[in-house]
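Residues per chain are reported as follows:
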Amino acid sequence: MNKNSELFFNKNEIEKTKEKYPTPFHIYDEKGIIENVKSLYKNFSWVQGFKNYFAIKACPNPYILKILKDQGCGADCSSLPELILAEKVGLRGEEIMFTSNNTQKEEYKKALELGAIINLDDITHIKFLEENAYLPSFICFRYNPGPLRKTNDGNVIGSPESAKYGLTKEQLFEAYDIVKNKGVKRFGLHTMVASNELNPNAFIETANMLLDLTLEIHKKLGIKIEFINLGGGIGIPYKPEQHPVDLKIVSERVKQIYKEKIQDKTTTPLKIFMENGRMITGPFGYLITTVIHEKHIYKEYIGVDANMANLMRPGMYGAYHHITVLGKENVPNEFKYDIVGSLCENNDKFAIDRMLPKIEIGDILAIHNTGAHGYAMGFNYNGKLRSAELLKKLDGNIKLIRRAETIKDYFETFNFEGSDYKNLA
Ligand SMILES: *Cc1c(COP(=O)(O)O)cnc(C)c1O
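Residues numbered from 1 in each chain as written. Predicted model: local features only at pLDDT ≥ 70, side-chain atom pairs only at ≥ 80, totals over all residues. Heavy atoms only, no water.

**Student:** Where do I start with the sheet that holds strand 9 (residues 271-274) in this structure?
**Tutor:** Where strands meet in a sheet, backbone hydrogen bonds hold them as pairs that are either parallel or antiparallel. Ordered by their spatial adjacency, 8 strands build a closed barrel running 2-3-4-5-6-7-8-9, and the pairing between neighbours is parallel. Direction aside, the axes of adjacent strands within the sheet are offset by 25 degrees on average. (Pairing = 2+ DSSP bridges. Helix = DSSP H or I, 4+ residues; strand = E, 2+ residues; numbered from the N terminus. Axes fitted to C-alpha atoms, helices over the stretch in contact; angles between N-to-C directions.)

**Student:** What should I look at first to understand the pairing of strand 13 (residues 335-340) in this one?
**Tutor:** Side chains on a regular strand alternate between the two faces of the sheet. Where strand 11 (residues 300-304) and strand 13 come together, 3 bridges link them in parallel fashion. Residue Tyr301 lies in a different strand from strand 13, and its bridge partner there is Asp338. Of the pairings in the sheet, the one linking strand 13 to strand 14 (residues 349-356) comprises 5 bridges and is antiparallel in character. Looking across to strand 14, one finds that Tyr337 is bridged to Arg354.

**Student:** I keep staring at the site of the ligand and nothing clicks. Help me out?
**Tutor:** Within the structure, the ligand sits among 13 residues, and Lys57, Gly233, Glu275, Gly277 and Arg278 are positioned closest to it. Take Asp76: an N or O atom from its side chain is 3.3 Å from a nitrogen atom of the ligand. Computed on the free molecule, the ligand has an accessible area of 380 Å², of which 89% lies beneath the protein chains in the complex. Its residues assigned to classes, the shell around the ligand comprises 2 nonpolar, 6 polar and 5 charged. (Near = heavy atom within 4 Å. Polar contact = N/O pair within 3.5 Å; in protein donor to acceptor, adjacent residues only side chain to side chain. Areas by Shrake-Rupley, 256 points an atom, 1.4 Å probe, with all protein chains shown as cover. Nonpolar A, V, L, I, M, F, W, Y, C, P; charged D, E, K, R; others polar.)

**Student:** Looking at this structure, how should I read the environment of Leu247?
**Tutor:** Along the chain, the position of Leu247 falls in helix 9 (residues 247-261). With a relative accessible area of 8%, Leu247 lands in the buried category. Put simply, Leu247 and Asn181 are 66 residues apart on the chain and 39 Å apart in space, counted from C-alpha to C-alpha. For Leu247, the residues in contact, after removing those within four places along its chain, are Leu40, Asn43, Ile234 and Met279. (Buried < 20%, exposed > 50% of the residue type's maximum accessible area, 1.4 Å probe, protein only. Contact = heavy atoms within 4.5 Å.)

**Student:** Could you clarify how one ought to interpret the pattern of salt bridges in this entry?
**Tutor:** A side chain of one charge can pair with a side chain of the opposite charge when the charged atoms of the two come close. Enumeration over the complete set of coordinates arrives at 22 salt bridges. Glu13 is the partner of Lys392 in a salt bridge, and the nearest nitrogen-oxygen pair spans 2.6 Å. Linking Lys392 in strand 16 (residues 388-392) with Glu13 in helix 1 (residues 11-20), this pair joins segments that are 379 residues apart in sequence. The class for Lys392 is buried, based on a relative accessible area of 14%. For Glu216, the salt bridge is made with Lys220, and the minimal N-O distance between the two is 3.0 Å. One end of the pair, Glu216, and the other, Lys220, are both in helix 8 (residues 200-221), 4 residues apart, so they sit about a helical turn from each other. (Salt bridge = Lys/Arg side-chain N within 4 Å of Asp/Glu carboxyl O.)

**Student:** Looking at this structure, I do not really get the domain arrangement of the protein chain. What am I missing?
**Tutor:** It is common to report an interface's size as the accessible area lost on association of the parts. Domain boundaries in the protein chain define domain 1 (30-282) and domain 2 (283-411). Summarising the inter-unit geometry, the C-alpha centres of domain 1 and domain 2 are found 32 Å apart. In this complex, domain 1 contributes 26 residues to the contact, which on the side of domain 2 involves 21 residues. Here domain 1 meets domain 2 over a buried area of about 1900 Å², counting both sides, of which 61% is carbon and sulfur. At the boundary of domain 1 and domain 2, one finds 0 salt bridges. Our enumeration of links across domain 1 and domain 2 arrives at 11 residue pairs in polar contact (both at pLDDT 80 or more). (Domains from an automatic or database assignment. Buried area = accessible area lost by both parts, 1.4 Å probe.)

Right, here's the structure in full:
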């Protein structure tokens, strides 16, 4: 799905688009997103009621959410604006999972109003909910396995022991017991221990862990868990030599374990949910940017019109994002460049020592895999404005799904004498 050589657009198309919507912009592929979601659902079609709650933070655009909703996805929200986004695209009730942490009461109120599944991050939030709203009849808890989860299955989010999320195992049992005694009738179990993980074993392990826990909870407390939510975290191949997670393998192994463990009526029908963000949209977005400068000092620099405010991952994590010079796809990579933005921060570099074809001013670069945590992580530091987002629709037309910020937007939140900056175009 992420063949780094296969773009869903060509140079001519982008040049034409650029006349109307200047670079930089992110562009997403509706067809790719739909096919990808269909494949995820197909792989888990043996699960009764399988659902992916798209983690909105990956790509918080209502047009994208609508596409995903039409494919049967729900939304995983963790803030008030994310809840409102889900609401605006017509998601309701149990189509919304509210997986927050350090939550504010207004957020719980909105989640309750929408009938979302409330996923509590801590045992103290039972009381917090009661004091500030009410305890709904359906409650999920987020489990943090801490030292019980070995980290040798890959890139678990740091180590669970130092992650701020979730309840300890002991607290988990106590929490289910408390809410059961308070009249809660329906229960879910959630965890999220992986991030950008490419090893299928991580997800198989997680399912195994939650299935065991489901049985243990039933045995000790007589509680029937209605769903397990494996969280998100399925990685994508950012580097050309990497491969996507083989969902067929994950599905088949989880199915085996499920069949072995979940046999009797005390635990069935047990649904399986996920809340992937990155793997849903990540590979189907590109940041398109134009080369505006070249600079020859101790190294060779190529300056583009995008910067870290449009894509923070390389600067923040040293993350690799593949780059294609449009129209030079078949030219050998014989030149070594640092591809840089314009922030007054030396980590504002999309690539360091990257071998690419010879680049000239005016060339258009496509930075790959920006469909998740790309635009979404944008910011205004250094007076930089967020870019537009475009969508290549199924019919091939390119639609503006979010306009670029303007200087007027930048000044909009000030209120000081002379705030007539607002009159700027
Ligand atoms: C970020 C997040 C996700 C999605 O993670 P991806 O790596 O984008 O799949 C899912 N659930 C929770 C609770 C998250 O914080």
